[in-house]
Amino acid sequence: MKIKMNTCTVNTTVAAKRSIDWVVIHYTAGTSSAVGCANSLAEWYKKGANPANPASSDFIVDDETVVQYNPDIANRYTWGVGGAKYSKMSTSEGGRYYGKCKNSNCINIEICSNKKNRKSLSADDTDWYFTDSELALAAELVKYLMQEYNIPADHVIMHHQVTGKLCPAMWVHSEAELEGWKRFRKMFTASTAESTKMFYVQVGAFRSRENAEAYLKTVKKDYPGAFIKSM
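First things first, this report covers the structure right here in the doc. (Residues numbered from 1 in each chain as written. Predicted model: local features only at pLDDT ≥ 70, side-chain atom pairs only at ≥ 80, totals over all residues. Heavy atoms only, no water.)

Concerning the environment of Tyr149
Heads up, the condition is: Strands are runs of DSSP state E lasting at least 2 residues, helices are runs of H or I lasting at least 4, and numbering of each runs from the N terminus. Summary of the burial criterion: residues with accessible area below 20% of their type's maximum are buried, those above 50% are exposed, and those between are partly exposed, where the area comes from a 1.4 Å probe applied to protein chains only.
Locating Tyr149 in the fold gives a position in helix α2 (residues 132-149). Using a relative accessible area of 26% as the deciding quantity, one classes Tyr149 as partly exposed. C-alpha of Tyr149 to C-alpha of Ala74: the two residues are 75 residues apart in sequence and 9.3 Å apart in space.

Quick look at a nonpolar patch on the surface
Worth spelling out the cut-off: Put simply, a patch holds well-exposed residues, over 30% relative accessible area, that have no salt bridge, with like charges counted together within 9 Å and Val, Leu, Ile, Met, Phe, Trp or Tyr side chains within 5 Å. To measure how exposed things are, a 1.4 Å probe is used in the Shrake-Rupley method; for residues, cover is taken only from the protein chains shown. When a carboxyl oxygen of Asp or Glu is within 4 Å of a side-chain nitrogen of Lys or Arg, the pair counts as a salt bridge.
Taken together, the side chains of Val201, Val203, Phe206 and Tyr215 present a nonpolar region at the surface, about 410 Å² in accessible area. Within the element layout of this structure, Val203 appears in the loop between α4 (178-195) and α5 (209-219). Residue Val203 is classed as exposed on the basis of its relative accessible area of 54%.

So, the sheet that holds strand β10 (residues 156-158)
Defined as follows: The pairing criterion is simple: DSSP has to find at least two bridges between the two strands. Throughout, a contact is declared for two residues whenever any of their heavy atoms are within 4.5 Å. Only C-alpha atoms enter the line fits that serve as axes; for helices the fit covers just the stretch in contact. Angles between N-to-C directions range over 0 to 180 degrees.
Read across the open sheet, the 6 strands follow the order β1-β5-β4-β7-β3-β10; overall the sheet is mixed. A single partner strand is all that each edge strand has here, and the edge strands are β1 (4-5) and β10. Bridge analysis of strand β4 (residues 59-61) against strand β7 (residues 106-111) gives 3 bridges, and the strand direction is parallel. Bridge assignment links Phe59 to a residue of β7, and that residue is Ile109. Strand contacts of α2: β3 (22-27), β4, β5 (66-68), β7 and β10, with the helix running at about 170° to β7, the strand carrying the most contacts.

Quick word on the side chain of His173
Convention followed: The definition of a polar contact used here is a pair of N or O atoms within 3.5 Å, where within protein one atom must be able to donate a hydrogen and the other to accept one, and adjacent residues in sequence count solely through side-chain atom pairs.
Inspection of the secondary structure puts His173 in the loop between α3 (160-163) and α4. Only 3.0 Å separates the side chain of His173 from the backbone oxygen of Ala169, close enough to count as a polar contact. Dropping the residues within four chain positions of it, His173 is found in contact with Ser90, Thr91, Ala123, Asp124, Asp125, Thr126 and Leu166.

Description of unusual backbone geometry
Leaving glycine aside, a negative phi is the common case for residues, and trans is the common case for peptide bonds. Each neighbour pair has its own omega, and for Cys167 with Pro168 the value is -5°, a cis peptide bond. Positionally, Pro168 belongs in the loop between α3 and α4. The backbone of Asn150 sits at a positive phi, close to 55°, despite the residue not being glycine. In this structure, Asn150 sits in the loop between α2 and β10.

Things to note about the pairing of β7
Along β7, 6 of the 6 residues are buried, which leaves the element largely enclosed by surrounding structure. Side chains of β7 alternate between two faces, with Cys106, Asn108 and Glu110 and Ile107, Ile109 and Ile111 buried alike. As judged from the 6 bridges shared by β3 and β7, these two strands associate in the parallel manner. By the bridge assignment for β7, Val24 is matched with Asn108.

Brief notes about helix α1 (residues 37-46)
Just so we agree on the cut-off: Note that the arc is defined by the directions from the helix axis to the C-beta atoms.
Burial in α1 covers these residues: Ala38, Leu41, Ala42 and Tyr45. One side of α1 holds all its buried residues, which, seen down the axis, span an arc of 105°. Of the surrounding elements, those touching the buried residues of α1 are β4, β5 and β7. One or two steps after α1, the chain reaches Gly48, where phi turns positive at roughly 105°.

So, the nonpolar core
The condition is simple: Nine residue types can take part in a nonpolar core, namely buried Ala, Val, Leu, Ile, Met, Phe, Trp, Tyr and Cys, and a core is a set of them joined through side-chain atoms within 4.5 Å.
Core analysis: the biggest nonpolar cluster contains 35 residues, and Ile25, Ile109, Trp171 and Phe184 have the highest contact counts within it. Within the residue set of this core, elements represented by two or more residues are β3, β4, β7, α2, β10 and α4. With 8 residues, α2 is the largest single contributor of residues to this core. Among the nonpolar cores identified, the runner-up in size contains 9 residues, and Leu41, Tyr45, Val67 and Tyr69 belong to it.

Following this line, the structure appears as structure tokens:
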């Protein structure tokens, strides 16, 4: 996994040896995911981001690059999923993990968003979208983090599932839009399921257990993990 480092501690909090249980997906609410956008967002974080509502994320993804902002993920957390739970939910997934997933126990990933009509930047708009290339990068990053921090696939969630916020806005206006999230999930769960499968090579078949065990001794010289399975 190729990751560009552009780190800083601004808008982060120290939490030594924190428990990391979740990965949370966000959208930037920007209008382009072109290369360089991820690095620009990291630079914005360094300046304090929005003083009225300061935020940050551990990683940022654009069409070509994954940028890491948090310099010490194991001992420091970013500010991405804090805030009160929304009183009204746009989908059945809204607020599902509120109180369970928190900034202190998650890794936040911002994916640079795109928009068809750039004259309006409302989260209520339905013309937000992600490109295939950045989703592929984001899925690769998710798989890497799942393995690195032993995070199960069902603990990879959207910001919407924490507080109910329309984030990522392209997937959460309605039950129908959740299909976009489900498609993205398949990008990192299909290969995960495949990796748990085991494939065996049969090297002999015997009617006598005694003969099988005698042959196993020979095989184990080259393949210590060999074993007998009765069928």
